[in-house]
Amino acid sequence: MMIEQADRLKALPPYLFAELDRMKAEVAAKGIDIISLGVGDPDLPTLPNIIDSLKKAVDNPAHHQYPSYEGMLSFREEIARWYKSRFGVNLDPAGEIVSLIGSKEGIAHAPLAFINPGDVVLCPDPGYPVYSIGTMFAGGETYVMPLVEENLFLPDLSAIPADILDRARIMFLNYPNNPTSAVANMGFFEEVVAFAEKNNILVCHDAAYTEVYYDGELPLSFLEIPGAKEVGIEFHSLSKTYNMTGWRIGWVCGNEAAVGAIGKVKTNIDSGIFQVVQEAGIEALQGDQQPVEDLRNIYQSRRDLACDFLSKGGYSFMVPKATFYIWVRTPEGLSSAQFAGRILTETGVVLTPGNGFGEHGEGYFRISLTVNEERLSEALDRIGTVSW
Ligand SMILES: Cc1ncc(COP(=O)(O)O)c(C=O)c1O
């Protein structure tokens, strides 16, 4: 029998990293040691207190049954406490927070809650690909908001045409930003709140990286802005803050009706997060936060090492204030794929070509700081041996 894929799968954009994966296999087959600066996955393990709390919780038979789709109230109360202490934002744990199986799950499902066929979703480009793919799966149309360096990688809201605004239902934003590492300031978020109110567009802010920041400059939550809860929701996650990418735990919070709509989708699709993992999530948020500060210092020292190398090598980039990414222009005349391809084949170092994040990522590459300093130095030395 011929298995025919649905049109929505056939319509997926081509996998841009296929050629790079093929080259990587070829390089590895030659016995060359590969160093990957390609993935956004913390290299260090989850903290011991979090692991211990999971071990304890697993012995409780109450946790062996189906969890509630919206998450344990005790987990949501802990999230509300953390939002208040970190951002000064008040959230009602009963109605304004729903737990997610990682923030990716909620981001991918959000368009199902708000988008009818033909509706428009405003998506940043370059950006996390799930925004536009979730949109497409829900039958929506993506309108690309270019993030360009001249505008500090913030979208120009005034450039969105009136006919698009008429059809737009939601807007995805992500600060601190993957892949550009840009941070949004209060003025931009205020502009977003006013824009959303005026045009009746729900803001879906992805805040996965707010805790990976440098030089003591704390990034904002979108919900800190007066009026934000009237027009928006925020996706958050324990993945990057606590080295918990494999645990699959996050949440969406903010506007009660919007959070409820995502919850309604979830009741029909999944059955929540394993309660043992939620117990560990409570421990992550309420336990000692010094290790998170230590982690920031580790990333900061890696960032400084990489930025020093890039400056000396004459590369053009903005020094990241947050995230564990550096977004760098390729040398004059080289496309993202040409640059990443040559670095990989000649040095065994994997970098992410910027066009993998959308057409406006062309001409850039992304360095991920998720290897230790020794390996990072080795990778940078190798990159330095390639002449252009
Ligand atoms: C911008 C952004 N948002 C969301 C996620 C998803 O994180 P998780 O599903 O682990 O919470 C990622 C993961 O790389 C990301 O880069």
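Everything quoted here is computed from the prediction, not taken from an experiment.

Let us look at helix α13 (residues 336–347). Here α13 is 12 residues long and its end C-alpha atoms lie 16 Å apart, about the 16 Å a rise of 1.5 Å per residue gives. If you check which residues of α13 are buried, you get Ser336, Phe339, Ala340, Gly341, Ile343, Leu344 and Thr347. Close packing links the buried residues of α13 with α2 (18–29), β10 (349–350), β11 (352–353), β12 (364–368) and α14 (373–384).

If you trace the backbone, Ser53 turns up in helix α3 (residues 48–57). For Ser53, a relative accessible area of 15% translates into the label buried. Not counting the four nearest positions on each side in its chain, Ser53 is found in contact with Glu279, Ala280 and Glu283.

With that out of the way, let us pick up a nonpolar patch on the surface. A surface patch of nonpolar side chains, about 230 Å² in accessible area, is lined by Leu9, Leu12 and Phe137. The topology assignment puts Phe137 in helix α6 (residues 130–137).

Time to look at the side chain of Arg76. Looking at the secondary structure, you find Arg76 in helix α4 (residues 73–87). At 3.4 Å, the side chain of Arg76 forms a polar contact with the backbone oxygen of Glu70. Engagement of the side chain of Arg76 in a polar contact is seen with the backbone oxygen of Ala94, the distance being 3.5 Å. Setting aside anything within four residues of it in sequence, one finds Arg76 in contact with Glu70, Gly71, Pro93, Ala94 and Ile97.

Next up on the list: the sheet that holds β12. Hydrogen bonds between backbone groups are what pair the strands of a sheet, and the pairing can be parallel or antiparallel. If you walk across this open sheet you meet the 3 strands as β9-β12-β11, and the pairing is antiparallel. Here the strands that pair on one side only, and so sit at the sheet edges, are β9 (325–329) and β11. Relative to β12, β11 runs antiparallel, the two being bridged by 2 bridges. Paired with Pro353 across the strands is Phe365, a residue of β12. Sheet strands touched by helix α12 (residues 290–312): β9 and β12. Its angle to β9, the strand with the most contacts, is close to 10°.

All right, on to the packing of aromatic side chains then. One pass over the structure, following the stated rule, counts 23 aromatic pairs. Centroid distance Tyr209 to Phe324: 5.6 Å. Interplanar angle 85°. Geometry classified as edge-to-face. Of the two residues, Tyr209 sits in the loop between β6 (202–206) and α9 (228–231) while Phe324 sits in the loop between α12 and β9, which places them 115 residues apart along the sequence. This pair shows no difference in class: Tyr209 is buried, exactly as Phe324 is.

Moving on, we get to the site of the ligand. Of all residues adjacent to the ligand, which total 14 residues, the nearest are Asp206, Ser237, Ser239, Lys240 and Arg248. Here an oxygen atom of the ligand and a backbone polar atom of Lys104 are 2.9 Å apart. A distance of 2.7 Å is found between an oxygen atom of the ligand and a side-chain nitrogen or oxygen belonging to Arg248. Burial of the ligand by the protein chains amounts to 92% of its free accessible area of 390 Å². Grouping the amino acids of the shell around the ligand by side-chain chemistry returns 4 nonpolar, 6 polar and 4 charged.

The rules we used
Residues numbered from 1 in each chain as written. Predicted model: local features only at pLDDT ≥ 70, side-chain atom pairs only at ≥ 80, totals over all residues. Heavy atoms only, no water. Helix = DSSP H or I, 4+ residues; strand = E, 2+ residues; numbered from the N terminus. Expected span 1.5 Å × (residues − 1). Buried < 20%, exposed > 50% of the residue type's maximum accessible area, 1.4 Å probe, protein only. Contact = heavy atoms within 4.5 Å. Patch = residues over 30% accessible without salt bridge, like charges linked within 9 Å, V, L, I, M, F, W, Y side chains within 5 Å. Areas by Shrake-Rupley, 256 points an atom, 1.4 Å probe, with all protein chains shown as cover. Salt bridge = Lys/Arg side-chain N within 4 Å of Asp/Glu carboxyl O. Polar contact = N/O pair within 3.5 Å; in protein donor to acceptor, adjacent residues only side chain to side chain. Pairing = 2+ DSSP bridges. Axes fitted to C-alpha atoms, helices over the stretch in contact; angles between N-to-C directions. Phe/Tyr/Trp six-rings, centres within 6.5 Å; stacked < 30°, edge-to-face > 60°. Near = heavy atom within 4 Å. Nonpolar A, V, L, I, M, F, W, Y, C, P; charged D, E, K, R; others polar.

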